[in-house]
Every structure is written in C-alpha cells, then in structure tokens.
Amino acid sequence: MTSRGFTTDIVHADRAFGTEHGGVHQAVHSSTQYGFDKVEDLIGVFQGTLKGAYNYARQGTPTTAALEAKLARMEGGLGAVSFATGMAAITALFLTLLRAGDHLVASRYVFGNTNSLLDTMAGLGVAVSKVDATAVAHVAAALRPETRMVFVETVANPGTQIPDLEAIGALCAERGILFVVDNTVLSPALFRPAAVRAGLVLHSLTKTIAGHGNALGGAIVDTGLFDWSAYPNIAQAYRKGDPRQWGLTQLRKKGLRDMGASLSSQHAHAIAVGAETLVLRARQASETALALAQFLESHPAVARVHYPMLASHPQNAQAIRLFKGGSWLMSFELRQADDCQAFINRLRLPVKSTGLGDTRSLVIPVAHTIFWEAGAAVRADMGISDGLVRLSVGLEDAADLLDDLGQALR
Ligand code: PLP
C-alpha cells in the first residue's frame, strides 16, 4: 500500500480501512452513542482496555476515524485528530499543549483569526513572540529556554510569505522544540511539512482538502518526528504505552473530548469526498493562478502581485525547491488603492466572499474585511495595504478568468 501513488491511496482508503456491505465510501455514521451487549465491554471502553470501539460521537465516529486515517496517509504521518473547524484545531493545539509560563514563537504572517487567538494565549500567560519567520535568524533570536513551540503557515494568508521552512525545522529538531506547520493553503498534494521535520501539521479542512465550500472542518496530523517523551506538558495519565502516540492522545482527550469542537460525520464524509480530487484541483488551480499572477504582474494598473511561483516573490527559490505548485492563493495591490473596491465590483466571475480554496474563485478586499478588526497598526506591521486584494483561484477556465480580470482592470 505505501508504495502507491497519492490519489490511488486516497480513493481506495475507505475500503482498505473497512466499509460495510462493500460500500466504496465509508458510511455516514450518525449515531451519537454506541451500545454494547456486555457491560464489561462498556467498562473496557472507558478504561482503555477495549481498543477500536466507539463510545460517544464527540470523541469520534467510524466516519471521522476513516477521514483521520486518510489525512494521516496524505501527510505521511502516524495519525490525526479531526475537529469542527480549522480554528477549533488551532485552539485545541495551543490550549492542550501549552501552559502558563511557556513561550510560543509564531510567524508574524498568519491568518487573522490565528493572530487574534495568539493574543488570547498571551492573556492566559503563554508568552508569544511574533517574528518574521521568512528568515530563520529571527526565529533563532526569539528562542528562550521555555520555548515549547514554533508555529508557521506554509504559505501565509493573505501575503503569501513563506517561512524559512527547512532551516526552522532543523533548528527546532536540534533544540527539541515542537515545530507546527499550518499546511491549509498548500495541502499535502503540493507539500508535506514532514519533509522539513514538522512534528505536527495543521489543516483547515474547510479549504483545499474539501475544496467545495460545503463543509467546515479542521485536523492535526502527527508526523511521528517529534519526541513526546521529552515534552514536559504531557499529562501523567497519557504517559504510557508508545511515546509516539502521547501527543495525539492528549490532543484527542484534552483537545477534542474535553473542549468538544468535534467534526460531524456528515461533514467528515463531505470532506473525504472532496479529498478524492485534491491532487487534480491543486494542480489545476496552481496552473491557472500562475497564469493570472503573470498577467496581473504585467498590467500597468497593478503595483505588486504576491504569488510564490513568480520570480519576483522573495521566497521564490524556496517555493520552487519545496512545493509542487503555488496553490490557489494570491494577493495583489492596485497602483491606486482607492480603486480597489470599484475594481472588485467590476469583476463578474469571482464571488465577493471571505472563503478560500473553493471550486469557484473568491475575491475580497483584505484591509476592509478580514483584517479590519486587527487595526491599522497590525495591518502596517503585516504589510497589508489598504488596496490589497486577495484572490482564491477556483476551477473556472483560465481564459474566462483572464478576460474578467482584464475587463475589470480596463
Ligand atoms: N488556517 C488558515 C491558514 C486559514 O486560512 C484559515 C481560515 O481561513 C484557518 C486556519 C481557519 O480555518 P477554519 O475557517 O476552518 O476555522
């Protein structure tokens, strides 16, 4: 099985995992609780002696478990835990694995709600340093003896900055620090963070992996590369058995069971169906996005285009070395920032919407929407100008999108 290709593996994963009646998909298991013929088995579930049985859907169902198994294979990891949303996954990550007095180093260029959550963590006593992670030296300079975690996004939303992934991975490995990579934008179709020694990989499944804008979800995959036996924040109750499972166990018990932001079976199913076409979509969207980025860069009304596969992108060499494509995410600035809203109104195809990684192209003025609450100072610090437009490139025919951008710019 392991030698099979990525998509072959995904489309046959449900049957390999085990389905009922020969179904080619895992069934949507809607029961909230699971019953047993013998009370000893019910007790065994609670005491951990009966393995592989389900108990209460907040802690997982066969449908979420099948998706988790698929995600782990996709990222080349040893297991995964799914959540109701990407933000639920990030919240569980921080609250489960960090304690007051710990220090967290995060990229300064992260999704706006993640940035806001970092401030919440600071209020709970976790010291947070937000650094420009495009250079490993900034991360290294921020490290302290109590640094437990370094958190970055593979391609930052919306500015497309790329952290110094290989060097940060090597630094974290050398110092025994947990390296967490939010791989929402690229997805494992274009890049696996295990290749740069990330210990945990995080996803908003809502975006690239589902790909159809029909289901919210999030997940954390353990790559198996981090040594949990040396991590001081694993509770005594979970320090037993194979240490490689300790992190996932704590995330599942403390993060999923106790915090309760569980993925529904219905949404897990919708995400799993979307994941079957992940590689095709990621490839197509990357190809179209590059054509649009090149067109925009050559247009006199456009001041700047942020897209990893453009030679003008500051981390282009790294993107070419590590990624199989640039993804659907791009942003650009018009020469006249005041024209940004009129320009967006003139677009006919991209939907004016906050979403990302959808079948349809989606467009949004960044400063006035997703980064409005952050305020002018944070926007300036993150390099988000008033005229910044974010485009999530969908699966429309490239020629139609090029026509549309051309007429709106004219
Ligand atoms: N991580 C990244 C990089 C995102 O872009 C988003 C949402 O846009 C999230 C996490 C949060 O995911 P969700 O919307 O599923 O909560």
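One numbering rule holds for all chains: residues counted from 1, following each sequence as written. It should be noted that, the model being predicted, local features are given only for residues of pLDDT at least 70 and side-chain atom pairs only at 80 or more, the latter also being counted only at that level, while totals for whole chains, interfaces and linings use all residues. Only hydrogens and water are removed before side-chain values are computed, so all heavy atoms of the structure are retained for them.

1. Regarding the overall build of the protein
Turning to step 1, where the next piece is worked out: For the protein, the helix and strand inventory stands at 14 helices and 12 strands.
Turning to step 2, where the next piece is worked out: Atoms counted for the radius of gyration: C-alpha only. Globule rule: 2.2 Å times the number of residues to the power 0.38. Taking 2.2 N^0.38 as the reference for a compact globule, 410 residues should give roughly 22 Å; the C-alpha atoms of the protein span a radius of gyration of 21 Å, in line with that estimate.
Turning to step 3, where the next piece is worked out: Each residue gets one of three labels from its accessible area relative to the maximum for its type: buried under 20%, exposed over 50%, partly exposed in between, using a 1.4 Å probe on protein chains only. In the protein, which comprises 410 residues, the proportion classed as buried is 52%.
Turning to step 4, where the next piece is worked out: For the protein, the proportion of contacts with a sequence separation of at least 24, taken over those separated by at least 6, is 70%.
Turning to step 5, where the next piece is worked out: With residues, only the protein chains shown are counted as cover, and all accessible areas are computed by Shrake-Rupley using a 1.4 Å probe. Accessible surface for the protein amounts to roughly 17,200 Å². Of this, 52% is attributable to carbon and sulfur atoms.
Turning to step 6, where the next piece is worked out: Each charge sign in the protein was given a centre, from 36 positive and 36 negative side chains, and these centres are 4 Å apart. Numbering of helices and strands runs from the N terminus, with a helix taken as a DSSP run of H or I at least four residues long and a strand as a DSSP run of E at least two residues long. Residues are treated as being in contact if the distance between any of their heavy atoms lies within 4.5 Å. For the purpose of counting charges, residues Lys and Arg are taken to be positive, whereas Asp and Glu are taken to be negative. His and the chain ends are not included. A single reference atom marks each charge: NZ on Lys, CZ on Arg, CG on Asp, CD on Glu.

2. Side note on a nonpolar patch on the surface
Turning to step 1, where the next piece is worked out: Taken together, the side chains of Val39, Leu42, Ile43 and Phe46 present a nonpolar region at the surface, about 390 Å² in accessible area.
Turning to step 2, where the next piece is worked out: Relative to the elements of secondary structure, Phe46 occurs in helix α2 (residues 39-47).
Turning to step 3, where the next piece is worked out: When its relative accessible area of 63% is taken as the criterion, Phe46 is described as exposed. Think of a patch as exposed residues, more than 30% relative accessible area, with no salt bridge, where like charges cluster within 9 Å and nonpolar side chains (Val, Leu, Ile, Met, Phe, Trp, Tyr) cluster within 5 Å. The term salt bridge refers to a side-chain nitrogen of Lys or Arg lying within 4 Å of a carboxyl oxygen of Asp or Glu.

3. Thoughts on the side chain of His103
Turning to step 1, where the next piece is worked out: With respect to the secondary-structure elements, His103 resides in strand β2 (residues 103-107).
Turning to step 2, where the next piece is worked out: Only 2.7 Å separates the side chain of His103 from the side chain of Thr147, close enough to count as a polar contact.
Turning to step 3, where the next piece is worked out: Beyond its immediate stretch of four places on either side in the chain, His103 contacts Ala127, Val128, Ser129, Ala142, Arg144, Glu146, Thr147, Arg148 and Met149. Polar contact criterion, stated in full: a pair of N or O atoms within 3.5 Å, where within protein one must be able to donate a hydrogen and the other to accept it, and residues adjacent in sequence count only if both atoms are side-chain atoms.

4. Focus on the site of the ligand
Turning to step 1, where the next piece is worked out: Within the structure, the ligand sits among 14 residues, and Gly86, Asp182, Ser204, Thr206 and Lys207 are positioned closest to it.
Turning to step 2, where the next piece is worked out: Within the side chain of Ser204, a nitrogen or oxygen atom sits 2.7 Å from an oxygen atom of the ligand.
Turning to step 3, where the next piece is worked out: Within the side chain of Lys207, an N or O atom sits 2.7 Å from an oxygen atom of the ligand.
Turning to step 4, where the next piece is worked out: Burial of the ligand by the surrounding chains reaches 91%, relative to a free accessible area of 390 Å².
Turning to step 5, where the next piece is worked out: In terms of residue count, the dominant contributor to the shell around the ligand is helix α4 (residues 86-97) (three residues).
Turning to step 6, where the next piece is worked out: Following the grouping adopted for this structure description, the nonpolar residues are Ala, Val, Leu, Ile, Met, Phe, Trp, Tyr, Cys and Pro, the charged ones are Asp, Glu, Lys and Arg, and the polar ones are all others, Gly among them. Classifying every residue of the shell around the ligand by side-chain character gives four nonpolar, seven polar and three charged. In these notes, residues near a molecule or strand are those with any non-hydrogen atom within 4 Å of it.

5. Description of the domain arrangement of the protein
Turning to step 1, where the next piece is worked out: Domain boundaries in the protein define domain 1 (6-275) and domain 2 (279-409).
Turning to step 2, where the next piece is worked out: Once you take the C-alpha centre of each, domain 1 and domain 2 turn out to be 28 Å apart.
Turning to step 3, where the next piece is worked out: Three residues stand out in domain 1 for area buried against domain 2, namely Pro158, Ile162 and Leu190, and they jointly supply 24% of the buried area on that side.
Turning to step 4, where the next piece is worked out: Here domain 1 is connected to domain 2 by two salt bridges.
Turning to step 5, where the next piece is worked out: With its nearest N and O atoms 2.6 Å apart, the salt bridge here joins Arg321 to Glu166.
Turning to step 6, where the next piece is worked out: Joining domain 1 to domain 2, the criterion identifies 14 residue pairs in polar contact (both at pLDDT 80 or more).
Turning to step 7, where the next piece is worked out: Where the side of domain 1 that touches domain 2 is concerned, the elements lending two or more residues are α1 (6-17), α5 (112-123), α7 (165-175) and α9 (265-275). For the domain bounds, the source is a domain assignment made automatically or taken from a database. Buried area is understood as the total, over both parts, of accessible area removed when two parts are fitted together, assessed with a 1.4 Å probe.

6. Description of the sheet that holds strand β8 (residues 302-306)
Paired through their backbone hydrogen bonds, the strands of a sheet run either parallel or antiparallel.
Turning to step 1, where the next piece is worked out: Here the rule is simple: two strands pair whenever DSSP picks up at least two bridges between them. Strand order in this open sheet of five strands is β8-β9-β12-β11-β10, and the pairing throughout is mixed. Both edges of this open sheet fall to β8 and β10 (351-352), since each of them pairs with a single strand only.
Turning to step 2, where the next piece is worked out: The strands touched by helix α10 (residues 278-297) are β8, β9 (329-334) and β12 (388-392); relative to β9, the strand with the most contacts, the crossing angle is about 10 degrees. Every axis in this analysis is a line fitted to C-alpha atoms, fitted for helices over the stretch in contact. Angles between the N-to-C directions lie between 0 and 180 degrees.

7. Concerning the nonpolar core
Turning to step 1, where the next piece is worked out: Among buried residues, the Ala, Val, Leu, Ile, Met, Phe, Trp, Tyr and Cys ones that are joined through side-chain atoms within 4.5 Å form a nonpolar core. Val150, Phe179, Phe323, Met330, Phe332 and Phe343 are the most contacted members of the largest nonpolar core, which totals 75 residues.
Turning to step 2, where the next piece is worked out: When residues in this core are grouped by element, the largest group, eight residues, is from α10.
Turning to step 3, where the next piece is worked out: Composition of this core by domain shows at least three residues from each of domain 1 (6-275) and domain 2 (279-409).
Turning to step 4, where the next piece is worked out: Look past the residues within four positions of Phe179 in its chain and what remains in contact with it is Val150, Val152, Leu165, Ile168, Gly169, Cys172, Val196, Arg197, Ala198, Gly199 and Leu200.
Turning to step 5, where the next piece is worked out: Core analysis: the next-biggest nonpolar cluster, separate from the first, contains 34 residues, Met121, Met149, Leu202 and Leu251 among them.

8. Points about the environment of Val180
Turning to step 1, where the next piece is worked out: Here Val180 shows up in strand β5 (residues 178-182).
Turning to step 2, where the next piece is worked out: On the accessibility criterion, Val180 (0% relative accessible area) is buried.
Turning to step 3, where the next piece is worked out: Excluding residues that lie within four positions of it along the chain, Val180 makes contacts with Leu93, Met149, Val150, Phe151, Val152 and Leu200.

9. Describing the pattern of salt bridges
Turning to step 1, where the next piece is worked out: Going through the model one piece at a time under the given rule, you end up with 12 salt bridges.
Turning to step 2, where the next piece is worked out: Put simply, Asp381 and Arg108 hold a salt bridge, and the shortest N to O gap is 3.8 Å. Remark: Arg108 occurs in the loop between β2 and α5 and Asp381 occurs in helix α13 (residues 375-381); sequence separation between them is 273 residues.
Turning to step 3, where the next piece is worked out: Residue classification places Asp381 among the partly exposed residues on the basis of a relative accessible area of 44%.
Turning to step 4, where the next piece is worked out: The salt bridge partner of Asp258 is Arg257, with a shortest N-O separation of 2.7 Å.

10. As for the environment of Ala398
Turning to step 1, where the next piece is worked out: By secondary structure assignment, the location of Ala398 is in helix α14 (residues 398-409).
Turning to step 2, where the next piece is worked out: Note on Ala398: relative accessible area 27%, which makes it partly exposed.
Turning to step 3, where the next piece is worked out: Considering only alpha carbons, one finds Ala398 and Gln284, 114 residues apart in sequence, at a separation of 9.4 Å.
Turning to step 4, where the next piece is worked out: If sequence neighbours within four positions are ignored, Ala398 has contacts with Thr288 and Leu292.

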